[in-house]
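Geometric and topological summary
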Amino acid sequence: MRPAALDGVKVLEAATLFAGPLAATFLGDFGADVTKIEHPSRPDAARTHGASKDGVGLWFKTLGRNKRLATLDLSRGRDVFLSLVQQNDVLVENFRPGTLERWGLGPDVLLEANPRLVIARVTAFGQVGPWSRRPGFGSLAEAMSGFAAVTGEPDGPPTLPPFGLADGITALATAYAVLVALRERDRSGAGQVIDMAIIEPILMMLGGGITAYQQTGYVQPRLGNRSSNNAPRNVYRTADGRWVAVSTSSQSIAERVVTLVGRPDLVAQPWFATGRERAQHADELDEAVGSWIAARPLDVVMAEFEKAEAAVGPVHDIRGIVSDPQYAALGTIVSVDDDELGGPVEMQNVLFRLSESPGEIKWAGRPHGANTDEVLAEIGVTPGQLAALRAAGVV
């Protein structure tokens, strides 16, 4: 096996909560040396989100994995931070626009200290515009992007997801942007600034709505679990009280599904020929598919769909995920030893499998400031200087 794909890339993370830190996690999973900086007295709020055990935040075990954790008050530790910047290839930060500049740590200063630095600036609304300095989170991006407007039942309110969807999409986009900028640096030798607004990547994921509106005036309505592009497409309850999702994005799958449920006559209908036309007859199709599924237990439904080569999937909660044989075969969930919790911690594995330079989870998220002494020693901070900084509350 070759070294990890990002072995040798050094990433400095000065970000909190989800989009920026998760981007750094993705880079660390494939070998980047990630150092996360937290405020000495105000740790990343992600540590207190979600479930905890014995006072230890469990979500942070995933979000903070593969990272060395140091503390530093950037507003008072400017020189220390610049020394760290000089030793890193990438900075991921998510302060509100103008904050770093106010501390004398704007991109001009950072790039003077390290001309090869890639600076990923992750904010709710971007670095420019009338909203740029407003506070914001992923929930606002999910609302402003149009996601909430098209999510939910037709007669219900717009619906926000119960997890950090916009942050997660932004994290993927940020990691991608960092790799693009590093590739450019390979050619030019120069770093650059990435302006990543959380309101934008999720908008791209929503498809062709802007073009459709500009060309035709079409505004997508809320459709619940249905789609305006194909049918049958919904969730259906089985005889034993479980739920399955059925999708028919291709014509051949749609034909197999209705044939399986005893309605091959529907295939001959003129409206069955395209997904959009089928969507206009969703009531009839849902009745056919839903009644067939409702008469059978989950294992029979799954077996019959598999035999018919039709697309179906169980609606899992977390219990189904951890026991699903497909996830098990892929190694999607891994167990990581963790001293803080006194045993193994299970979490999602790296995002994808590389045949020659795979990613790896070396350790779970560590306690606040676990590696401060080590990180600062690498930039020449002596034990005496470290003690003085700690006494002053800078670290």
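Now for a quick tour of the structure. Bear in mind the structure is a predicted one, so any value in this text is a computation, not a measurement.

1. Observations concerning the pattern of salt bridges
For the structure on display, the rule yields 24 salt bridges. Measuring nitrogen to oxygen at the nearest pair gives 3.6 Å for the salt bridge that ties Arg-263 to Glu-284. Residue Arg-263 is found in the loop between helix H10 (251-260) and helix H11 (275-279), and its partner Glu-284 is found in helix H12 (residues 282-294); the two are separated by 21 residues along the sequence. Residue classification places Arg-263 among the partly exposed residues on the basis of a relative accessible area of 26%. Glu-284 gets classed as partly exposed once you look at its relative accessible area, which sits at 35%. Note that Asp-317 and Arg-319 form a salt bridge whose closest N and O atoms lie 2.4 Å from each other. With a relative accessible area of 35%, Asp-317 lands in the partly exposed category.

2. Details of the sheet that holds strand E2 (residues 33-38)
On the basis of which strands lie adjacent, the open sheet formed by six strands has the order E5-E2-E1-E6-E7-E8 and parallel pairing. The open sheet has two edge strands with one neighbour each: strand E5 (67-71) and strand E8 (192-197). Neighbour-to-neighbour, the strand axes of this sheet turn through a mean angle of 20°, independent of strand direction. In this structure, E2 lies alongside E5, joined through five bridges in parallel fashion. Paired with Thr-35 across the strands is Arg-68, a residue of E5. With respect to the sheet, helix H3 (residues 78-86) is in contact with strand E1 (10-14), E2 and strand E6 (90-93), its orientation differing from that of E1 by roughly 150°.

3. Some words on H12
For H12, built from 13 residues, the straight-helix expectation of 18 Å at 1.5 Å per residue is met to within 8% by its first-to-last C-alpha distance of 17 Å. When we look at burial in H12, the residues that qualify are Ala-282, Leu-285, Asp-286, Ala-288, Val-289, Gly-290, Trp-292 and Ile-293. The inward-facing, buried residues of H12 abut strand E9 (234-237), strand E10 (243-246), H10, H11 and helix H13 (298-307).

Each value, and the rule that gives it
- Residues numbered from 1 in each chain as written.
- Predicted model: local features only at pLDDT ≥ 70, side-chain atom pairs only at ≥ 80, totals over all residues.
- Heavy atoms only, no water.
- Salt bridge = Lys/Arg side-chain N within 4 Å of Asp/Glu carboxyl O.
- Helix = DSSP H or I, 4+ residues; strand = E, 2+ residues; numbered from the N terminus.
- Buried < 20%, exposed > 50% of the residue type's maximum accessible area, 1.4 Å probe, protein only.
- Pairing = 2+ DSSP bridges.
- Axes fitted to C-alpha atoms, helices over the stretch in contact; angles between N-to-C directions.
- Contact = heavy atoms within 4.5 Å.
- Expected span 1.5 Å × (residues − 1).

What is shown is where atoms sit, not what they do.
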